[in-house]
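# Descriptive structure summary
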Amino acid sequence: MPLPPLLPDPARLTLQDVLVDGERITLIARAIGSPSPCPVCGGLSTRVHSRYTRTLADLPWQGRAVRIELTIRRFFCLAAACSRRTFAERLPEVAAVSARTTVRLQPAHQLIGRALGGEAGVRLAAPLGMPTSPDTLLRRV
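These numbers come from a predicted model, not from an experiment. As a convention, each chain's residues are numbered from 1 in the sequence order in which they are written. Restriction of local features to residues with pLDDT of at least 70 applies here, the model being predicted, together with a cutoff of 80 or more for giving and counting side-chain atom pairs; totals for whole chains, interfaces and linings are based on all residues. The basis for every side-chain value is the complete set of non-hydrogen atoms in the structure, without hydrogens or water.

### Some points on the confidence of the model for the protein
The predictor attaches a confidence to each residue, and that confidence, scored 0 to 100, is pLDDT. With 97% of its residues at a pLDDT of at least 70, the protein reaches an overall mean of 90. Numbering of helices and strands runs from the N terminus, with a helix taken as a DSSP run of H or I at least four residues long and a strand as a DSSP run of E at least two residues long. Within the protein, the element-level pLDDT minimum falls on helix 3 (residues 134–140), averaging 91, and the maximum on strand 7 (residues 86–88), averaging 95.

Here you go:
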């Protein structure tokens with residue numbers, strides 16, 4: 001049986017460092033691959049504008065909460081007719097736009113929310129290494 005990948009999408013992310021701090025594991029990663037399509041016009045761009053760090057919660061390891069600090073690139077849109085001048089690369093296999101959790105953590109939250117609801121679900125999720133809020137669990141349902 002193949003082992004699940006360490007990162008949500010190993011083809012698009014590279015692991016730079018792993019930090020263990022008490023009850024939390026932090027993965028320092030960055031997006032790889034180029035070019036990236038503009039979300040408005042679809043034009044491909046390889047011209048990097050800047051970078052920023054995005055923090056995502058992921059599935060736990062051995063009961064420890066996992067946080068991914070992901071460096072995302074911002075690109076210039078090269079199409080003259082496009083209304084968007086810069087855009088951040090999208091990683092839909094990893095996390096939705098503006099999401100704070102990975103795509104693979106959301107089904108676990110959804111199952112807990114369906115089984116127990118908000119408050120009771122939070123009491124179960126925290127010791128399992130998936131801390132969240134009652135509202136988040138209910139939103140997932």
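### Quick notes on the packing of aromatic side chains
Whether two aromatic rings pair depends on their centres lying within 6.5 Å, for rings of Phe, Tyr and Trp, where Trp uses its six-membered ring; planes under 30 degrees apart make the pair stacked, over 60 edge-to-face, and the rest tilted. The full count for this structure, using the stated rule, is 1 aromatic pair. Aromatic side chains F75 and F87 sit 5.8 Å apart centroid to centroid with 25° between the ring planes, which places their arrangement in the stacked category. Placement of F75 in strand 6 (residues 64–76) and of F87 in strand 7 is noted, with a sequence separation of 12 residues between them. For the residue pair F75 and F87, the accessibility class agrees, reading buried in each case. Our definition puts a charge over a ring when NZ of Lys or CZ of Arg is within 6 Å of the ring centre and also within 35 degrees of the ring normal. Between R47 and the ring centre of F76, over which it is positioned, the NZ or CZ distance is 4.2 Å. Burial here depends on accessible area, computed with a 1.4 Å probe over protein chains only, as a share of the maximum for the residue type. Under 20% is buried, over 50% is exposed, and the range in between is partly exposed.

### Quick notes on the environment of E119
Relative to the elements of secondary structure, E119 occurs in helix 2 (residues 119–125). Owing to a relative accessible area of 52%, E119 belongs among the exposed residues under this scheme. Along the chain, E119 and I28 lie 91 residues apart, while their C-alpha atoms are 31 Å from each other.

### Topic: the pairing of strand 2 (residues 24–31)
The buried count for strand 2 comes to 6 of 8 residues, which makes it a mostly enclosed element. With 8 bridges joining them, strand 1 (residues 13–21) and strand 2 adopt antiparallel strand pairing. Within strand 2, the residue paired with L19 across the bridge is T26. We treat two strands as partners when DSSP finds at least two bridges between them. Hairpin connection between strand 1 and strand 2: a loop of 2 residues separates the two successive antiparallel strands, and G22 in this loop has a positive phi of roughly 65°.

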